[in-house]
Amino acid sequence: MTGLRRPPWWLAWLVGGAAVAAGWSLLPYGVPAVVCSTLLSFAACTVMVVGARRRHRDQQPAWYIFAAGVVTWVAGDLVYAVQGEGTYPSWADAFYLGAYPLLVIALFLLTRRRGPFWSGNLIDSAIVAISVGIAYWTFVIEPIVVDDSQPALARAVTAGYPTMGVLLCALLVPMLLRRGPRTAGMWLLTVGGVVTLTCNTVYTLLPAAMYSWGSFVYGGYLLAYVCWAAAAIHPSPTLLPAEEGDSLGWSRLLALLASMLMVPAILLVQGERGTGATSWLAVGIGSMALFVLVVTRMSGYIARAHSQARRLHDLAMRDDLTGLPNRRAFEEEAIKGVATGPCRLIMVDLAGFKHVNDRLGRAAGDQALAAVATLLRASLREGDAVARMGADEFAVLALDTRAGEGDAVVTRLMDLLRRPIVSGEHELLLNARLGVADSLECGAVPVSELVRRADTARYAAKAAGSQLMVYTAELDARSDATAQLGADLRHSLDDGDFRVVYQPIVDLDTGRFRACEALVRWHHPVRGMVSPVDFVPVAEDNGLIVELGEFVMRTSCWKFAAWRHELGRHAPSYISVNVSARQLSEPGFPEVVAGIIAECGMEPAELLVEVTETALFGGGTAVHAVETLHETGVRIALDDFGTGHSSLGLLRTVPVDVLKVDKSFVDEITAGGGRAVIVDALIHVSKGLGLRAVAEGVETEEQANYLRELGYEYAQGYLFGKPVPEPSFRDSGGAGPDDQLGGQLDPGGLQPLTVDQA
Ligand code: C2E
Ligand code: CA
Ligand code: CA
């Protein structure tokens, strides 16, 4: 390997060609110089053709026009070399003047930018052409044209060169003022153009300088070909796609301004000079054209500004995912709706949506939301409004034009949202909660207050586990109380106002203690005893259940270990602890449990974690946590079995060891009827699946006997013992150290137990 890498072709060509062009300028004019420039020009043509074929296939015609322009120019050089200086104008001038339009057209084609007409370079080019053209006309071209001392043809040719300069200028100025990034190819084309324009300008405006600097001017043209040919073999494109947004930058604005000022400036100079030879026709027509063009340009700009403003407004008022109006737009719309008469504001919350996201992924979640949006939109009447208010929240404003119509909308929505939503291949139950606020009932309240009230009703529906709730002032009081309870929970956690009580789980045959369930108690500093039925949902909602649950778990496990230590064979064989959905979906929950088990020195199988069907129904992290716990040896119970979604499929997918049959079934067994049949069926299901069934809430002997007859082995209820801080196990004979779940049973009778101190 050699250390140096070969420079890219285009660079080699550019440097070599520029060196030759520079060297050429130092050569005296003669045959060698003519040969040299001809060779270099043809080499440039060849490079252009090769580059066009290899690198810029899509722009081949433009490059061929370019090459043709250079060839035409070289033809002029050769004619000039043969004819000598004597004749003016000569055929050489015809070729030179013929070459310019080809070069200008090629440059335009290669660098033009696509886009609407008014934003394109064409108008800018025209503006520059006219203003520079008027100046050239006034100061350069017209004096030549009116000069009678020259023959007409000579005058036409002499005027031709500055005219070409104007053309080039018109092309280059917008190109130079173009915003956005430029590729190397674009730079090379631009530099070649600027060099050519400079040479043209020196040639037309400073004829005196041509005597001493002429060879550099001609060398400049050679340099331009070299640059253009380098662009042809440079890999970068010369044509970029139209730029999004405004191409009317400050520099362009200044250029337009300068163009506009050109005419008055010329008039000023002419007036000061007192020549008075101003060509009113040219200046007049030119400046009129300028005004029209600039106004066209500006109106295009204004049109775009308007459309952008519209788009921004749309973006600010619309929800991207569903295309529905957003909260801001809804509130504006609702203000109009409320003004027309009575109406209902309905807030919809999709309680099951989080599970969809967790279980099926975001894409499915998005699809479900879009499906709900379509459903809501389709269910509305003329004048009603619907919006997406948040992640899984929607709002509907239903006009209550005729009595009962608002109610009908609410009923229809409830009905629609009860059915499964079809999203892709899934059918999803989204568990919608509706909160309704009635504008008549609420009196003259602002829309934001109406929204708040419907929201409050929605929260209440969620808390109550019902699908619909209509706002009443009482709900506000209740939600205030809930908020207060939440705040108090925090303090009580810090102050240690929570206790754990234990309820025995007995063997129905013998009445002996087998285990116990840990239940939390809150001694509220002001309200006294608060039921977990009231505060557990609040703690779930604000997340404190995670901390509280860990406290319960640790306390009960230590308690269990202490019993084991003190009571030996009289100790319960396992402890049951309730775990809420929120705890299960907390990352790291199985590790926390494993840590507690280890620190108490108990066996994992001595812990039974009670989870509800509803907590597992969502799948995702909760189910994963249960699986992890089960793998470490912890047992799993399905609590309140039969009251939730009751999907027997859950028993297949989730590792369950124990079914806790809800008290509501037990209550009715002695009454007979449908519920009793279910209790019978459940024992068969659990036996068939190899699970243990525990009947909850047994209060009478009759129930106990009935359950025993059905084949239930374990039960729990006030009949056997209320939850207490220190249950007495010795009275019942004890469970025996080896008697775990499914272990061998001790004989023994039913024993009455301690009072409920809870
Ligand atoms: P659960 O898990 O179904 O607990 C059984 C509830 O029934 C307990 O109410 C218990 O005291 C009560 N019970 C037991 N036997 C009888 C009976 O014979 N008759 C009647 N009427 N009731 C009986 P508690 O302790 O008020 O707990 C209510 C619910 O609060 C529990 O229902 C459980 O879902 C939740 N909970 C209690 N402690 C905790 C906890 O530490 N963590 C979590 N996440 N939830 C808990
Ligand atoms: Ca329980
Ligand atoms: Ca239960």
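Before any of the text, the structure's been laid out above.
Cut-off values and rules
Residues numbered from 1 in each chain as written. Chains lettered and ligands numbered in written order. Predicted model: local features only at pLDDT ≥ 70, side-chain atom pairs only at ≥ 80, totals over all residues. Heavy atoms only, no water. Pairing = 2+ DSSP bridges. Helix = DSSP H or I, 4+ residues; strand = E, 2+ residues; numbered from the N terminus. Axes fitted to C-alpha atoms, helices over the stretch in contact; angles between N-to-C directions. Contact = heavy atoms within 4.5 Å. Salt bridge = Lys/Arg side-chain N within 4 Å of Asp/Glu carboxyl O. Buried < 20%, exposed > 50% of the residue type's maximum accessible area, 1.4 Å probe, protein only. Donors = N, O, S within 2.8 Å, 3.2 Å for Na, K, Ca; no water. Core = buried A, V, L, I, M, F, W, Y, C linked by side-chain atoms within 4.5 Å. Parallel < 35°, antiparallel > 145°, perpendicular 65-115°, else oblique. Nonpolar A, V, L, I, M, F, W, Y, C, P; charged D, E, K, R; others polar.

Q: I'd like a description of the sheet that holds strand β2 (residues 385–390), backed by residues and values.
A: A sheet is described by the order of its strands in space; here 5 strands give the open sequence β2-β3-β1-β6-β7, paired in mixed fashion. Every other strand in the sheet has two partners, leaving β2 and β7 (468–470) as the edge strands with one partner each. Ignoring strand direction, the axes of neighbouring strands in this sheet form an average angle of 20°. For strand β1 (residues 343–350) and strand β3 (residues 393–399), the ladder comprises 7 bridges, and the chain directions are antiparallel. The residue of β3 that forms the bridge with Asp 349 is Glu 393. Helix-sheet contacts for helix α16 (residues 447–464) involve β1, β2, β3, β6 (432–438) and β7, and the interaxial angle to β6 is about 140°.

Q: Would you mind going over the pattern of salt bridges in detail, with residue names and values included?
A: Applying the stated criterion to the full structure yields 29 salt bridges. Here Glu 517 ties to Lys 660 by a salt bridge, and the two come within 2.8 Å at their closest N and O atoms. Placement of the pair is Glu 517 in strand β9 (residues 513–524) and Lys 660 in strand β14 (residues 658–661), with a sequence separation of 143 residues. The exposure class assigned to Glu 517 is buried, which follows from its relative accessible area of 4%. The class of Lys 660 is buried, set by a relative accessible area of 1%. Here Lys 660 ties to Glu 696 by a salt bridge, and the two come within 4.0 Å at their closest N and O atoms. Of this pair, Lys 660 sits in strand β14 while Glu 696 sits in the loop between β15 (692–695) and α27 (701–710), and the two are 36 residues apart along the sequence. Comparing Lys 660 with Glu 696, the two get one shared label, buried. The structure contains a network of salt bridges with shared partners spanning Asp 349, Glu 393, Asp 455 and Arg 458.

Q: Requested: an account of the coordination of the calcium ion (ligand 3), with residues and values cited.
A: Each angle at a metal carrying four tetrahedral donors should ideally be 109.5 degrees, and each at a metal carrying six octahedral donors should ideally be 90 or 180 degrees. Around the calcium ion (ligand 3), the protein contributes the donor atoms Asp 639 (OD), Asp 640 (OD), Glu 696 (OE) and Glu 696 (OE), which lie 2.2 to 2.5 Å from the metal centre. A spacing of 4.0 Å is found between the calcium ion (ligand 3) and the calcium ion (ligand 2), which share Asp 639 as a donor. In this pair, Asp 640 sits in strand β13 (residues 635–641) while Glu 696 sits in the loop between β15 and α27, placing the two residues 56 residues apart along the sequence.

Q: Mind laying out the nonpolar core, listing which residues take part and the relevant values?
A: Met 553, Ile 575, Leu 584, Leu 607 and Tyr 712 are the most contacted members of the largest nonpolar core, which totals 76 residues. The residues touching Leu 584, leaving out its near neighbours within four places in the chain, are Val 579, Phe 589, Val 611, Ala 615, Leu 616, Thr 621, Ala 622, Ala 625 and Val 626. In terms of nonpolar packing, the next biggest core, distinct from the first, is built from 65 residues, Trp 10, Val 128, Met 164 and Cys 227 among them.

Q: A description of the packing of helix α17 (residues 473–495) against helix α18 (residues 532–542) should follow, citing residues and the corresponding values.
A: Taken N-terminus to C-terminus, the directions of α17 and α18 make an angle of 80°; their axes are 10 Å apart at the nearest point. Accordingly, the angle class assigned to the pair α17 and α18 is roughly perpendicular. Each of Thr 482, Leu 485, Gly 486 and Leu 489 in α17 lies in contact with α18, whose residues at this interface are Asp 534, Phe 535, Val 538, Ala 539 and Asn 542. Its residues placed into classes, the contact of α17 with α18 shows 5 nonpolar, 3 polar and 1 charged.

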